[in-house]
Amino acid sequence: MKHVAILGSTGSIGVNTLNVVRAHPNRFKVVALTAAKQVDLLTEQCAEFKPSIAVVADPDGALRLSKLLLEKKINTEVLCGSQALVTAVTESGCDTVMAAIVGAAGLVSALAAAQAGKRVLLANKEALVMSGDLFMQAMKQGGGELLPIDSEHNAIFQCLSSQFSTDANSSLGVEELWLTASGGPFRNTPLEQLESITPAQACAHPNWVMGRKISVDSATMMNKGLEVIEAFWLFGLPLEKIKVLIHPQSVVHSMVRYRDGSVLAQLGQPDMRTPIAYGLAWPERIDAGVVPLSLTQMAALSFAEPDLERFPCLSLAFAAAKAGDTAPAVLNAANEIAVAAFLDEGLPYLQIPVVVEKVLHSASFVKADSLELILDVDARARQLAREFIKEILCKQ
């Protein structure tokens, strides 16, 4: 029986994780659930899974959650705030942590899980984007297991030898990693039409059901850029050996090319329950509740190089990865603020990469050797991004 803490239980990954857990009550017990603002849904989850700890963002939410759970006679301890996320990891009795909080907000708790020696199911790519070296050192010192949950990295993990480690890739003959990308909703949209893209259009992903922020990142392909940085830290290959391919069907989730000419690919439905189930039960495989893939019903599987004119965010991510140090943290912070402004403040879609580039050019990069420094760099980059966005919006 594995004891699971789900950080971000009301988001897409969290809900899918609970779907898998629900189907295997004899394998998994939920001991902690966390959410930011969705108190009603978190209440329902607590009523069903009865965790020992539940965490929300602020005191008002905690008071409301406490009252709702009291009415249902659910004996779950309710906490709030960022430090409470760490408590959910360290004091819930969990051995497995699904790190699924979107963005930089999930960094501290994911790092705590690494330091505590848990099995970390990493769905929060920003933990590695912002603090790759620090995070990998924490995993090594904590002695836990790190399993990637992003469909692409999970696919690569499945395609690698069971003896794989970041220190052994060359001896295993790994030549290149190929991350696939759907290209999002605008891969064929005329460039002149991108200026008028709305949030609703950007969030309408053709293949995957995801949250708003990650849907926009998929549309701009910043998500794929962040995944390149994540793959660099997870698998230890040089950046020049990590490639991106547009694959509109989202059936091949990623591939590994070996020195002998072999290419191993992981195929499956575009359904996050597959990598979640793989991470929860590894090294075993369990039923994920996913419809079987039927290759005979597919007309074709196609692949293409990404158009960097259409997807400038991908170029910016590669540039930040090559710059190293705190550049990826700056990239991520600027992108989070720009995407939020697009979704909520009317920032034009094509201005997202403009804001990110301005912040990257304005910031100075230093070695990312402490959590405090990384969080400070993150805060400064966000402020820079807000200032640039304000200038842009004032000119409209």
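The present account deals with the structure reproduced in this document. (Residues numbered from 1 in each chain as written. Predicted model: local features only at pLDDT ≥ 70, side-chain atom pairs only at ≥ 80, totals over all residues. Heavy atoms only, no water.)

**Here's the deal with the overall build of the chain**
Then, in step 1: Along its length, the chain carries 15 helices and 11 strands.
Then, in step 2: Counted over contacts in the chain with a minimum sequence separation of 6, partners at least 24 positions apart contribute 71%.
Then, in step 3: Taken as a whole, the chain presents about 17000 Å² of accessible surface, with 52% of it coming from carbon and sulfur.
Then, in step 4: Where the 33 positive side-chain charges of the chain centre and where its 41 negative ones centre are 4 Å apart. (Helix = DSSP H or I, 4+ residues; strand = E, 2+ residues; numbered from the N terminus. Contact = heavy atoms within 4.5 Å. Areas by Shrake-Rupley, 256 points an atom, 1.4 Å probe, with all protein chains shown as cover. Lys, Arg positive; Asp, Glu negative; His and termini not counted. Charge placed at Lys NZ, Arg CZ, Asp CG, Glu CD.)

**Digging into the side chain of Asn-124**
Then, in step 1: Checked against the element boundaries, Asn-124 lands in the loop between β6 (119–122) and α6 (126–142).
Then, in step 2: In terms of polar contacts, Asn-124 uses its side chain to reach the backbone carbonyl oxygen of Ile-101, at 2.4 Å.
Then, in step 3: At 2.8 Å, the side chain of Asn-124 forms a polar contact with the backbone nitrogen of Ala-127.
Then, in step 4: With residues up to four places along the chain from it excluded, the contact list for Asn-124 reads Ala-99, Ile-101, Val-102, Gly-103 and Gly-106. (Polar contact = N/O pair within 3.5 Å; in protein donor to acceptor, adjacent residues only side chain to side chain.)

**What to know about the environment of Ala-202**
Then, in step 1: Among the structural elements, Ala-202 can be located in helix α8 (residues 199–202).
Then, in step 2: Using a relative accessible area of 0% as the deciding quantity, one classes Ala-202 as buried.
Then, in step 3: For the pair Ala-202 and Val-55, spaced 147 residues apart in sequence, the C-alpha to C-alpha distance is 30 Å.
Then, in step 4: If we ignore the near neighbours within four places in the chain, the residues touching Ala-202 are Pro-185, Phe-186, Ile-197, Ser-215, Val-216, Ala-219 and Phe-342. (Buried < 20%, exposed > 50% of the residue type's maximum accessible area, 1.4 Å probe, protein only.)

**Thoughts on the packing of aromatic side chains**
Between two aromatic rings, the relevant description is the distance of the centres plus the angle of the planes.
Then, in step 1: The full count for this structure, using the stated rule, is five aromatic pairs.
Then, in step 2: Ring geometry for Phe-157 and Trp-282: centres 5.8 Å apart, planes at 65°, overall edge-to-face. Taken together, the positions of Phe-157 in helix α7 (residues 151–159) and Trp-282 in the loop between α11 (273–281) and α12 (312–323) put the pair 125 residues apart, joining distant regions of the chain.
Then, in step 3: Owing to a relative accessible area of 18%, Phe-157 belongs among the buried residues under this scheme.
Then, in step 4: Judged by centre distance (5.1 Å) and plane angle (75°), the rings of Phe-232 and Trp-233 are edge-to-face.
Then, in step 5: The partly exposed category is assigned to Trp-233, whose relative accessible area is 27%.
Then, in step 6: Joined through ring pairs, the aromatic side chains of Phe-157, Tyr-278 and Trp-282 make up one cluster. (Phe/Tyr/Trp six-rings, centres within 6.5 Å; stacked < 30°, edge-to-face > 60°.)

**Details of the nonpolar core**
The nonpolar side chains of soluble globular proteins are, as a tendency, buried together.
Then, in step 1: The biggest cluster of nonpolar side chains holds 94 residues, and the ones touching the most others in it are Leu-122, Phe-135, Leu-331 and Ile-352.
Then, in step 2: Excluding anything up to four places from it in sequence, Phe-135 contacts Ala-110, Leu-111, Ala-114, Val-120, Leu-122, Ala-127, Leu-128 and Leu-146.
Then, in step 3: Residues Val-4, Val-20, Phe-49 and Ala-123 belong to the second largest nonpolar core, which totals 36 residues. (Core = buried A, V, L, I, M, F, W, Y, C linked by side-chain atoms within 4.5 Å.)

**With respect to the packing of helix α10 (residues 222–235) against helix α13 (residues 327–344)**
Then, in step 1: One can describe the packing of α10 onto α13 by two numbers: an axis separation of 12 Å at closest approach and a directional angle of 155°. Between α10 and α13, the crossing angle belongs to the class labelled roughly antiparallel. Helix-helix and strand crossings are classified by hand; for α10 and α13 the assignment is left-handed. Across from Met-222, Leu-226 and Ile-229 in α10, the residues of α13 making contact are Pro-328, Leu-331, Asn-332 and Asn-335.
Then, in step 2: Partitioning the contact of α10 with α13 into residue classes produces five nonpolar, two polar and no charged. (Axes fitted to C-alpha atoms, helices over the stretch in contact; angles between N-to-C directions. Parallel < 35°, antiparallel > 145°, perpendicular 65-115°, else oblique. Left-handed = near helix turned anticlockwise from the far one by under 90°. Nonpolar A, V, L, I, M, F, W, Y, C, P; charged D, E, K, R; others polar.)

**Some words on the side chain of Asn-335**
Then, in step 1: Within the fold, Asn-335 resides in helix α13.
Then, in step 2: We classify Asn-335 as buried; its relative accessible area is 0%.

**As for the sheet that holds strand β8 (residues 174–181)**
Then, in step 1: Reading across from one edge, β9-β8-β10-β11 is the order of the four strands in this open sheet, with mixed pairing throughout. A single partner strand is all that each edge strand has here, and the edge strands are β9 (242–246) and β11 (263–267). Neighbour to neighbour, the strand axes of the sheet diverge by 20° on average, direction disregarded.
Then, in step 2: With five bridges joining them, β8 and β9 adopt parallel strand pairing. Looking across to β9, one finds that Trp-178 is bridged to Lys-243.
Then, in step 3: Against the sheet, α7 engages β8, β10 (252–258) and β11, with an angle of about 40° to β10.
Then, in step 4: Here α10 sits on the sheet in contact with β8 and β9, set at roughly 150° to β8. (Pairing = 2+ DSSP bridges.)

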